[in-house]
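In case you want the letters, here they are:
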Amino acid sequence: VFPLTPGILWPGVYNLSVFVKDNDGLASNFAYFDLTVLDVPHVSIDTYDSLIGEGQSITLTAIVSDTDSTSHTFTWTSSLDGDLGTTNPITISSLSLGQHSITVTATDDDDMEGSYSFSVNVGQSPTIESVSIPDTATLNDDGEWASIELDCVVTHDSDFYIFWEFTIVESL
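A. Spotlight on a nonpolar patch on the surface. Together, Phe19, Phe30 and Tyr32 make up an exposed nonpolar region whose accessible area comes to about 380 Å². By secondary structure assignment, the location of Phe19 is in the loop between strand S1 (12-18) and strand S2 (31-37).

The structure is reproduced here in structure tokens:
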């Protein structure tokens, strides 16, 4: 047994020949053989949302480049939820709360595998408990703007900001 360390071989079939030479310079006959170098699927992901809300669906698409295969099977797994499915693209509507490490594995016709892992964070949306809005507002001395006090109680387990949007239906 001897190691064969050729230069970089690209996927394909190579016809190789080998012979042995002893210390006296006597050489053996040539032995000929074919060496097939298989390509491993190179997997990446199309654009995706890395942060989604609880119960929100996410569609993921694996992109595969593989010089010696055109047909691939897929497995998708989550570090929190386990097996997610085998379709590509895949739509997942039931990821649990938390930081998921999602891995997609593509297997080609030669049983060669390539994988890609990425993160998706599933967060809980804030809940508005109550909002107090006064019925009237008073213009300032210049008559240019009005000040009102709003009170909002929100339940959430992390930092957040409150965004207010006002729509004027009609001024009297």
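Now, onward.
B. Geometry of the nonpolar core. Counting residues in each nonpolar core, the largest one holds 17 residues, and the members touching the most others are Leu60, Trp76, Leu95 and Val120. Elements supplying a minimum of two residues to this core: strand S3 (42-45), strand S5 (58-60), strand S7 (72-78), strand S9 (90-92), strand S10 (98-108) and strand S11 (113-123). Those residues in contact with Leu60 that lie beyond four places of it in its chain are Tyr48, Trp76, Asn88, Pro89, Ile90, Ile92, Ile102 and Phe118.

C. Highlighting the side chain of Ser69. Secondary-structure assignment places Ser69 in the loop between strand S6 (62-65) and S7. The buried category is assigned to Ser69, whose relative accessible area is 8%. Once residues within four sequence positions are removed from consideration, Ser69 is found in contact with Asp108, Asp109 and Asp110.

D. Structural detail: a negative patch on the surface. Side chains of Asp109, Asp110, Asp111 and Glu113 sit close together on the surface and give a patch of like negative charge. Within the element layout of this structure, Asp109 appears in the loop between S10 and S11.

E. Region of the structure containing the sheet that holds S11. Strand order across the open sheet formed by five strands is S4-S11-S10-S7-S8, with mixed pairing between neighbours. Looking at the sheet topology across the chains shown, the edges are occupied by strand S4 (51-53) and strand S8 (82-85). On average, adjacent strands in this sheet sit at an angle of 35 degrees to one another, irrespective of strand direction. Alignment of S4 against S11, held across three bridges, turns out to be parallel. Counterpart to Gly53 in the pairing with S11 is Gly123.

F. Layout of unusual backbone geometry. Looking along the chain, the bond that leaves Asn88 and enters Pro89 is cis, with omega of 0 degrees. As for its placement among the helices and strands, Pro89 is situated in the loop between S8 and S9. The phi dihedral of Asp111 falls on the positive side, at around 65 degrees, and the residue is not glycine. As for its position among the elements, Asp111 is in the loop between S10 and S11.

G. Expanded view of the packing of aromatic side chains. A complete count under the given rule lists four aromatic pairs for this structure. The interplanar angle of 55 degrees and the centroid separation of 4.7 Å between the aromatic rings of Tyr48 and Phe118 together place this pair among those described as tilted. Taken together, the residues Tyr48 in the loop between S3 and S4 and Phe118 in strand S11 connect sequence positions 70 residues apart. We classify Tyr48 as partly exposed; its relative accessible area is 29%. Its relative accessible area of 5% is what places Phe118 among the buried residues. These aromatic residues form a ring-pair network of at least three members: Phe19, Phe30 and Tyr32.

Thresholds, definitions, all that
Residues numbered from 1 in each chain as written. Predicted model: local features only at pLDDT ≥ 70, side-chain atom pairs only at ≥ 80, totals over all residues. Heavy atoms only, no water. Patch = residues over 30% accessible without salt bridge, like charges linked within 9 Å, V, L, I, M, F, W, Y side chains within 5 Å. Areas by Shrake-Rupley, 256 points an atom, 1.4 Å probe, with all protein chains shown as cover. Salt bridge = Lys/Arg side-chain N within 4 Å of Asp/Glu carboxyl O. Helix = DSSP H or I, 4+ residues; strand = E, 2+ residues; numbered from the N terminus. Core = buried A, V, L, I, M, F, W, Y, C linked by side-chain atoms within 4.5 Å. Buried < 20%, exposed > 50% of the residue type's maximum accessible area, 1.4 Å probe, protein only. Contact = heavy atoms within 4.5 Å. Lys, Arg positive; Asp, Glu negative; His and termini not counted. Charge placed at Lys NZ, Arg CZ, Asp CG, Glu CD. Pairing = 2+ DSSP bridges. Axes fitted to C-alpha atoms, helices over the stretch in contact; angles between N-to-C directions. Phe/Tyr/Trp six-rings, centres within 6.5 Å; stacked < 30°, edge-to-face > 60°.

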